Amino acid sequence: MAILNIDDLRAAARRRLPKPVFDYIDGAAMDEVTMGRNRADFSEIRFQPKALVDIAERSQAVTVLGQTLTTPVILSPTGLTGLYGPGGEIAVARAAKAAGAVFCLSTVSTQTIEDVAAAAPGIWFQLYVQRDRGLTKELIERAGKAGCPVLMVTVDTAVQGRRDRDIRNGFAFPPKFTPANIWHFGTKPGFLWRLATSPKLGFANFAHVPGYNMGFSAATRQANADFVRKVTWDDVAWYKSIFPGKVVLKGILHPDDAKRAADAGADGIVASNHGGRQLEGATSPIRALPRLVEAAEGRIEVILDGGIRRGGDVVKAVALGAKAVMMGRPYLYGLAAGGEAGVAQMLSIVRGEIDTTLALLGCPRLPEADPTFLEDQGRPWPANR
Ligand SMILES: Cc1cc2nc3c(=O)[nH]c(=O)nc-3n(C[C@H](O)[C@H](O)[C@H](O)COP(=O)(O)O)c2cc1C
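Residues numbered from 1 in each chain as written. Predicted model: local features only at pLDDT ≥ 70, side-chain atom pairs only at ≥ 80, totals over all residues. Heavy atoms only, no water.

K.L.:
Requested: an account of the overall build of the protein, with residues and values cited.
P.N.:
Helices and strands together make up the secondary structure of the protein, namely 15 helices and 10 strands. The C-alpha atoms of the protein give a radius of gyration of 20 Å, which matches the 21 Å a tight globule of 385 residues would have. Expressed along its principal axes, the backbone C-alpha trace of the protein runs to roughly 60 × 50 × 40 Å. Scored against the burial criterion, the 385 residues of the protein give a buried share of 56%. Taking contacts inside the protein between residues at least 6 apart in sequence as the whole, the part at least 24 apart equals 73%. Of the roughly 16,100 Å² that the protein leaves accessible, carbon and sulfur atoms contribute 54%. Looking at charge distribution, the protein has the averaged site of its 46 positive side-chain charges lying 4 Å from that of its 39 negative ones. (Helix = DSSP H or I, 4+ residues; strand = E, 2+ residues; numbered from the N terminus. Rg over C-alpha atoms; globule rule 2.2 N^0.38 Å. Buried < 20%, exposed > 50% of the residue type's maximum accessible area, 1.4 Å probe, protein only. Contact = heavy atoms within 4.5 Å. Areas by Shrake-Rupley, 256 points an atom, 1.4 Å probe, with all protein chains shown as cover. Lys, Arg positive; Asp, Glu negative; His and termini not counted. Charge placed at Lys NZ, Arg CZ, Asp CG, Glu CD.)

Right, dumping it as structure tokens:
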């Protein structure tokens with residue numbers, strides 16, 4: 001089947017991956033209502049195109065946190081990326097760079113900050129604050145030394161969300177050998193062959209830390225034990241004092257927190273509910289966005305993360321005040337379907353869709369998209385009026 005859009009890439013990923021692995025990427029918390037709304041709420045917003053505009057020359061370049069992206073997409077941090085497709089984080093970072101986008105590397109990556117930054121200079125780094133403050137400091141310093149211009153601190157994971165698909169599948173490392181899992185993994189020999197013939201997967205950034213360097217299952221146990229995290233507003237100044245670049249907070253939905261982030265000295269916030277994987281019932285980022293932008297009062301930049309599956313969604317987010325957007329699962333589908341080329345294909349699809357949308361909307365330059373291009377100024381929800 002020809003791959004025309006992100007849903008086609010998702011179907012291709014589903015064919016390649018054992019069910020528990022596909023479900024880990026594709027799933028979300030509990031009934032997955034929040035994940036569904038992240039996407040559905042984009043379709044609530046309708047364009048109001050302007051006619052007879054000269055659209056011969058179009059640009060989708062944006063400037064975010066002092067950096068110009070010719071494709072306005074930051075690939076969201078995802079843990080264990082090397083598990084899902086060939087080349088892992090380095091493949092993703094390279095494809096992003098080649099497209100003029102950027103990759104934000106997760107703390108729990110399977111390749112080190114240094115290796116990924118060497119392969120694709122300019123990557124951003126996502127921080128999961130560790131219980132051990134010294135280890136947290138070390139991760140921030142390593143990201144700074146590796147030349148990452150942005151540190152993205154994830155703030156919506158005080159505890160791990162309940163993901164029913166993963167619990168039902170017994171998603172674990174090594175996989176639990178139930179009859180169902182023997183079937184799921186046994187029917188995907190290509191996946192098993194890749195794992196068997198690639199360097200051993202682990203939490204690469206922690207290779208020197210006791211508890212993490214004893215194989216994948218011990219490391220997973222250690223990571224779970226470390227999961228309860230205390231992240232407070234006071235720490236923002238501390239991150240800023242250690243990290244030479246910009247500091248942004250990922251996982252903000254409350255307008256009061258947008259104000260607090262600015263007061264605390266952050267450079268930006270990411271409107272995000274972790275792709276619906278954490279607090280089931282949380283509002284969607286696109287719905288929260290106008291309130292966050294208003295509360296930010298231009299003091300900090302706002303990025304939108306979650307639910308984007310079409311180029312038009314990107315345009316809607318920018319029209320409502322996002323400087324750029326982030327996408328997670330779509331590039332993982334691409335990686336699973338075709339490695340680096342699959343991620344490049346995902347970005348090319350989104351670029352093409354953004355371009356068509358800008359042309360038909362009568363808005364040749366993406367940063368000039370504003371609420372006047374949206375019916376009712378993009379506020380279809382009574383609560384927002
Ligand atoms: C498999 C997977 C792993 C993830 N791991 C992380 C992570 O390590 N750190 C983090 O801040 N967010 C993580 N996220 C959340 C993403 O960064 C992002 O918020 C989410 O995928 C956005 O929603 P989308 O998939 O609809 O684009 C993960 C998401 C997925 C799907």
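K.L.:
Which residues make up the packing of helix H3 (residues 33-43) against helix H13 (residues 285-296), and what values do they have?
P.N.:
Look at H3 against H13: their axes get within 8 Å of each other, and the N-to-C directions meet at 65 degrees. Of the possible angle classes, the one that applies to H3 and H13 is roughly perpendicular. In contact with Asn 38, Asp 41 and Phe 42 of H3, H13 contributes Pro 285, Ile 286 and Arg 287. For the contact of H3 with H13, the residue count by class is three nonpolar, one polar and two charged. (Axes fitted to C-alpha atoms, helices over the stretch in contact; angles between N-to-C directions. Parallel < 35°, antiparallel > 145°, perpendicular 65-115°, else oblique. Nonpolar A, V, L, I, M, F, W, Y, C, P; charged D, E, K, R; others polar.)

K.L.:
Describe the side chain of Ser 284, and please don't skip the residues or the numbers.
P.N.:
Along the polypeptide, Ser 284 turns up in the loop between strand E8 (268-271) and H13. For Ser 284, the side chain forms a polar contact with the side chain of Asp 41, separated by 2.7 Å. If near-sequence neighbours (up to four positions away) are discounted, Ser 284 is found in contact with Arg 37, Asn 38, Asp 41 and Asn 273. (Polar contact = N/O pair within 3.5 Å; in protein donor to acceptor, adjacent residues only side chain to side chain.)

K.L.:
Describe in detail the site of the ligand, supporting the description with residues and values.
P.N.:
In the vicinity of the ligand lie 25 residues, with Pro 77, Ser 106, Thr 154, Asp 305 and Gly 328 positioned nearest. Across the complex, the protein chains shield 98% of the 610 Å² of accessible surface that the ligand would expose by itself. Listed by contribution, the elements that provide at least two residues to the shell around the ligand are helix H2 (19-26) and helix H15 (329-361). (Near = heavy atom within 4 Å.)

K.L.:
Residue-level account of the packing of aromatic side chains, with values.
P.N.:
This structure, assessed with the given rule, holds five aromatic pairs. Centroid distance Phe 22 to Tyr 333: 6.4 Å. Interplanar angle 25 degrees. Geometry classified as stacked. Placement of Phe 22 in helix H2 and of Tyr 333 in helix H15 is noted, with a sequence separation of 311 residues between them. Overall, Tyr 333 belongs to the buried group, its relative accessible area being 3%. Between the aromatic rings of Tyr 24 and Phe 171, the centroid separation amounts to 4.4 Å while the plane-to-plane angle is 5 degrees, which identifies the pairing as stacked. Of this pair, Tyr 24 sits in helix H2 while Phe 171 is found in the loop between helix H7 (164-169) and helix H8 (179-186), placing the two residues 147 residues apart along the sequence. On the basis of relative accessible area, Tyr 24 is assigned to the buried category, the value being 17%. Stacked on the ring of Trp 238, the Lys or Arg Arg 133 has its end atom at 3.8 Å from the ring centre. Stacked on the ring of Tyr 24, the Lys or Arg Arg 277 has its end atom at 4.9 Å from the ring centre. (Phe/Tyr/Trp six-rings, centres within 6.5 Å; stacked < 30°, edge-to-face > 60°. Lys NZ or Arg CZ within 6 Å of the ring centre and 35° of its normal.)

K.L.:
Residue-level account of the nonpolar core, with values.
P.N.:
Side chains that are nonpolar tend, in soluble globular proteins, to be buried together. Core analysis: the largest hydrophobic core is formed by 119 residues, its most contacted members being Leu 75 and Trp 124. A per-element tally of this core places H15 first, with 14 residues. (Core = buried A, V, L, I, M, F, W, Y, C linked by side-chain atoms within 4.5 Å.)

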